[in-house]
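Listed here are the chains, written in short residue letters.
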Amino acid sequence: DKLIVKNLQLRNTLGADAWELEQKQPLLLDITAFFDVGDAAEHDLLTSSVSYATIAKHCQKYVETNDHKTLESVSSGIALVCLSDFDLPKVTITVRKPRGLLHAKAVGIEITRTRDDLEALKSAFLMSLDLSVNCIVGVFPWERAEKQRVVLNLSMFVPSDHTVALDRPKIANYRTVTRAVQQYVEQSTFKTVEALALGICNIMTKQCHIPKVTVRLEKPSAITFATGAGIEMTRTAPVQPKLPIQDSVVSYLAIGSNLGDRVKNMHSAIRLLQTKGIQLLETSFLYESAPMYVTDQPSFLNGALKVKTALNPHDLLKKLKEIEEQLGRDFAGIKNGPRPIDLDILYYGELEMQTEDLVIPHPRLQEREFVLRPLADIAPTFEHPHLFRNTKQLLGLLEHTEGYRTTCVKVLPIRNTLWKQEKTFIMGILNVTPDSFSDGGKFNSVESAVQQAQKMIADGTDIIDIGGQSTRPNAPEITSQEEMDRILPVIRAIRAVEKSIPISVDTFRADVAASAIEAGADLINDVSGGTRDPKMLQVMAEKAVPVCLMHMRGDSKTMTSLTNYEGDVVGHVRKMLVQLSQEAQAKGVYRWNITVDPGIGFAKDFAQNYDLISNLKSIGEDPLLRGLPLLLGVSRKAFIGKTIDQPQADQRVFGTAAACTACIANGANILRVHDVKEMRDVALVADKCFK
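Residues numbered from 1 in each chain as written. Predicted model: local features only at pLDDT ≥ 70, side-chain atom pairs only at ≥ 80, totals over all residues. Heavy atoms only, no water.

Draft legend 1. Structural context of the overall build of the chain. The secondary structure content of the chain amounts to 22 helices and 25 strands. Projecting the C-alpha coordinates of the chain onto the three principal axes gives extents of approximately 115 × 70 × 45 Å. For the chain, the residues scored as buried account for 53% of the 691 residues in total. Counting only contacts in the chain whose residues sit at least 6 apart along the sequence, the fraction spanning at least 24 positions is 67%. Element-wise, carbon and sulfur atoms account for 51% of the exposed surface of the chain, whose accessible area totals about 32,100 Å². One finds the centroid of the 80 positive side-chain charges in the chain at a distance of 2 Å from the centroid of its 83 negative side-chain charges. (Helix = DSSP H or I, 4+ residues; strand = E, 2+ residues; numbered from the N terminus. Buried < 20%, exposed > 50% of the residue type's maximum accessible area, 1.4 Å probe, protein only. Contact = heavy atoms within 4.5 Å. Areas by Shrake-Rupley, 256 points an atom, 1.4 Å probe, with all protein chains shown as cover. Lys, Arg positive; Asp, Glu negative; His and termini not counted. Charge placed at Lys NZ, Arg CZ, Asp CG, Glu CD.)

The following block contains the structure:
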């Protein structure tokens, strides 16, 4: 027999979000108590039964005097009250939270517990009730032309032993499941509700790892004289192969500095990490941020690191503290005060722990933009284990809080400066070659090269790009030694008289790049994107300097014949730049040091150059390239000469100005130019219009 309490209205601060904890939220409780009521029924005596009113009062008192963060917690607590306070062998508890999701009528959970298995981990059904989503679904023309509302009821069978198993994929939280389903449905265009329901089942079982699901899908507008029509479907997940137990754990660290040479401190910390059993997998971009908590101190540089380690959490923390101490951090100083280096554990796999000296996940992660923004670069979809939102979503919530103003600015560290993408930077070209297409032979002597460098500095260049190997079509290749003989004396001579100007070396040879950095250069500009010399990426990583990875095919002798991109030069270049940047990062090049260049004029024909300039935004907005600075080298090139019918390269200034303006309008961050003064003026005006 069963005693039933239905829709008991309760109040509790149930939830993970701050707004849910500010005041109590409504809950609806159903209780089904399994009990033999035969004696009470036969003799018509309440004393022989259990009072459902008393059960309700006990549950109401429990719920309204105890705070909970999850539906699982509150339902388990109610079951404990029913089985402990009353002589019941078994209960089924259903808890619903009205408007627990923005687009659903309610979310809920149903559990069944017995006195014998009360302490055991047991299964549960989680529910998203009456979730409203708009999508294209139907066979009629009007259904294909406009989205219509569909109503979903999602039931998820979740065995608790599965959620904690290390050898199987983690089951997603109901919030994550619902968001995934909602995004899928909104983008779908099925003709039948059967196909749409099956697709939803697949999302829930295969992507979210729910072992068993039931999807009820209704179209309220399907039949004129009916409130709805649809389908209900139950599916089970395919058998998951057991995952190997990993000896190492992927973790996420925050790294920051606001004393001394901040960039050097961070680079030193990363190198020390790798000597202490901590493998670097990925880095974020770098951000300069205003200090938080203690505001009377210098600005911070902040980043995030994805690492892999076999160290347990406390040993990992110990190693981080050793590095901080080694780099000069004063642990007796002001809490949250100035420090040369700061290393924090943000996540350690999916572990949740709280001890006296370590809390994981980091307890203040969600309130810190300077943590979330770099973390979103490397872990945008990593879900916080008890806030049930991924990094990108947590950042979005922070950005929409009342009074929010960003305190973080993305920067490219170069020499002793930080480049911010609020302006277009000018890279002045200094070719110390006899055969470059535009200025070959003009600056062969060290004296003339230094004079030209100083002129470019006076004209407003932000960096000087020095090249000793011509890359014009059909240019002969010289030896590494000849290239070094051309550029190294020039770099040393410029550095002797100009201490602060950043210098770039334009080379595809690793030994030349390494020697140039030692001589005083600050950036490696490789027209091959690190592909011509197998040692180049290693040099880039070891020197830890900014690099530019350019797209090209072949070499100077073959590139003009390699322009067949099957009608999609933009897509091909975008794909290859993704590959180049990922290969560089895999070799240890920091993300914050990478700039990419689509390679205008290198294995591109006349029309393809214009296609790339016109579609720069689609390259810069690629999810795997977003945030990487774009360098464009259009100065005086042949496609401009052909357009304006000007065979003399040094007479293409106005055409170059137009091309540079188009590049800035479409997202370029750095312009590599011959005519520094003129293009600086172009950039100043174009920035006012487009940035």
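Draft legend 2. Just the pattern of salt bridges, in detail. One pass over the structure, following the stated rule, counts 27 salt bridges. One continuous salt-bridge network, built from bridges that share partners, spans Lys321, Glu324, Arg329, Arg339 and Asp342. (Salt bridge = Lys/Arg side-chain N within 4 Å of Asp/Glu carboxyl O.)

Draft legend 3. Here's a closer look at the packing of helix α14 (residues 480-497) against helix α15 (residues 510-519). For the pair α14 and α15, the least separation of the axes is 9 Å and the interaxial angle reads 15 degrees. Judged by the inter-axis angle, α14 sits roughly parallel to α15. At the point where α14 passes α15, the crossing takes the right-handed sense. For the pair α14 and α15, contact is made by Ser480, Glu483, Met484, Ile487, Leu488, Ile491, Arg492 and Arg495 and by Asp511, Val512, Ser515, Ala516 and Ala519, respectively. Split by residue class, the contact of α14 with α15 holds seven nonpolar, two polar and four charged. (Axes fitted to C-alpha atoms, helices over the stretch in contact; angles between N-to-C directions. Parallel < 35°, antiparallel > 145°, perpendicular 65-115°, else oblique. Left-handed = near helix turned anticlockwise from the far one by under 90°. Nonpolar A, V, L, I, M, F, W, Y, C, P; charged D, E, K, R; others polar.)

Draft legend 4. Highlighting unusual backbone geometry. In this structure, the amide linkage connecting Ile360 to the following residue, Pro361, adopts the cis form with an omega of -5 degrees. Positive phi, normally seen in glycine, also occurs at Ala544, with a value near 55 degrees. Looking at where Ala544 falls in the secondary structure, it is placed in the loop between α16 (536-543) and β22 (547-550).

Draft legend 5. Structural view of helix α7 (residues 174-187). Taking 1.5 Å as the rise per residue, α7 with 14 residues should run 20 Å; its terminal C-alpha atoms sit 20 Å apart, in good agreement. Looking only at α7, the buried set comprises Tyr174, Arg175, Val177, Thr178, Ala180, Val181, Gln182 and Val185. (Expected span 1.5 Å × (residues − 1).)

Draft legend 6. Summary view of a nonpolar patch on the surface. A cluster of nonpolar side chains, namely Val139, Phe140 and Trp142, defines an oily patch on the protein surface of about 370 Å² accessible area. With respect to the helices and strands, Val139 occurs in the loop between β5 (124-135) and α5 (141-145). Overall, Val139 belongs to the exposed group, its relative accessible area being 54%. (Patch = residues over 30% accessible without salt bridge, like charges linked within 9 Å, V, L, I, M, F, W, Y side chains within 5 Å.)

Draft legend 7. Expanded view of the packing of helix α17 (residues 569-586) against helix α18 (residues 606-614). Close contact between α17 and α18 brings their axes to 9 Å; oriented N to C, the two are set at 65 degrees. As for how α17 packs across α18, the hand of that crossing is right-handed. On the side of α17, the interface is formed by Val569, Val570 and Val573, while α18 contributes Gln608, Asp611 and Leu612. When grouped by side-chain class, the residues that make up the contact of α17 with α18 number four nonpolar, one polar and one charged.

Draft legend 8. Focus on the side chain of Gln585. Its place among the elements puts Gln585 in helix α17. On the basis of relative accessible area, Gln585 is assigned to the buried category, the value being 16%. Gln585 has contacts with Glu282, Thr283, Arg591 and Ile594, leaving out every residue within four places of it along the chain.

Draft legend 9. Structural view of the sheet that holds strand β19 (residues 463-467). Overall, parallel pairing links the eight strands, which are arranged β23-β22-β21-β20-β19-β18-β25-β24 in an open sheet. Strands with a single pairing partner mark the edges of an open sheet, and in this sheet they are β23 (594-597) and β24 (631-632). By the bridge criterion, three bridges tie strand β20 (residues 503-506) to strand β21 (residues 523-526) in an arrangement that is parallel. By the bridge assignment, Val505 is partnered in β21 with Ile524. (Pairing = 2+ DSSP bridges.)

Draft legend 10. Molecular detail of the sheet that holds strand β6 (residues 148-158). Pairing is antiparallel in the open sheet, where eight strands are placed in the order β1-β2-β3-β4-β5-β6-β7-β8. If you trace the sheet from one side to the other, it starts and ends with β1 (2-12) and β8 (229-236), each paired once. This sheet shows a mean twist of 15 degrees between the axes of neighbouring strands, independent of strand direction. The strands touched by helix α8 (residues 193-207) are β5, β6, β7 (212-219) and β8; relative to β7, the strand with the most contacts, the crossing angle is about 145 degrees.

Draft legend 11. The pairing of β21, seen in detail. Alternating residues of β21 divide into Leu523 and Asn525 and Ile524 and Asp526, and every residue in both groups is buried. Regarding topology, α15 serves as the crossover connection from β20 to the parallel β21, and that connection is right-handed. Pairing analysis gives three bridges linking β21 to β22, with the strands arranged parallel. Across the sheet, the residue bridging to Asn525 is Cys548, located in β22. Tracing the backbone out of β21, into α16 and back to the parallel element β22 gives a crossover that is right-handed. (Right-handed = clockwise from strand over helix to strand, strands pointing away.)

Draft legend 12. Structural view of the layout of surface pockets. Taken as a whole, the second largest pocket holds about 890 Å³ of empty space. Lys321, Arg329, Asp342, Asp344 and Arg364 are, among the 38 residues lining the second largest pocket, the residues nearest its centre. Where the lining of the second largest pocket is concerned, the elements lending two or more residues are β9 (249-257), β12 (300-309), α10 (313-326), β13 (342-348) and α11 (369-378). A class-by-class count of the residues in the lining of the second largest pocket yields 19 nonpolar, eight polar and 11 charged. (1 Å grid on protein atoms, 1.4 Å probe; cavity = no way out; pocket = protein on both sides within 12 Å on 5 of 7 lines; lining within 4 Å. Points joined across faces, edges and corners; volume = space filled by probe spheres on them.)

Draft legend 13. Structural view of the packing of aromatic side chains. Scanning the entire structure with this criterion turns up nine aromatic pairs. An angle of 45 degrees between the planes, with centres 6.4 Å apart, marks the rings of Tyr184 and Phe190 as tilted. Residue Tyr184 is classed as partly exposed on the basis of its relative accessible area of 23%. Look at Phe190 and you get partly exposed, because its relative accessible area is 27%. Each ring, one from Tyr252 and one from Tyr347, has its centre 6.4 Å from the other, and the planes form 85 degrees; the classification is edge-to-face. Placement of the pair is Tyr252 in strand β9 and Tyr347 in strand β13, with a sequence separation of 95 residues. Assessed through its relative accessible area of 6%, Tyr252 is described here as buried. (Phe/Tyr/Trp six-rings, centres within 6.5 Å; stacked < 30°, edge-to-face > 60°.)

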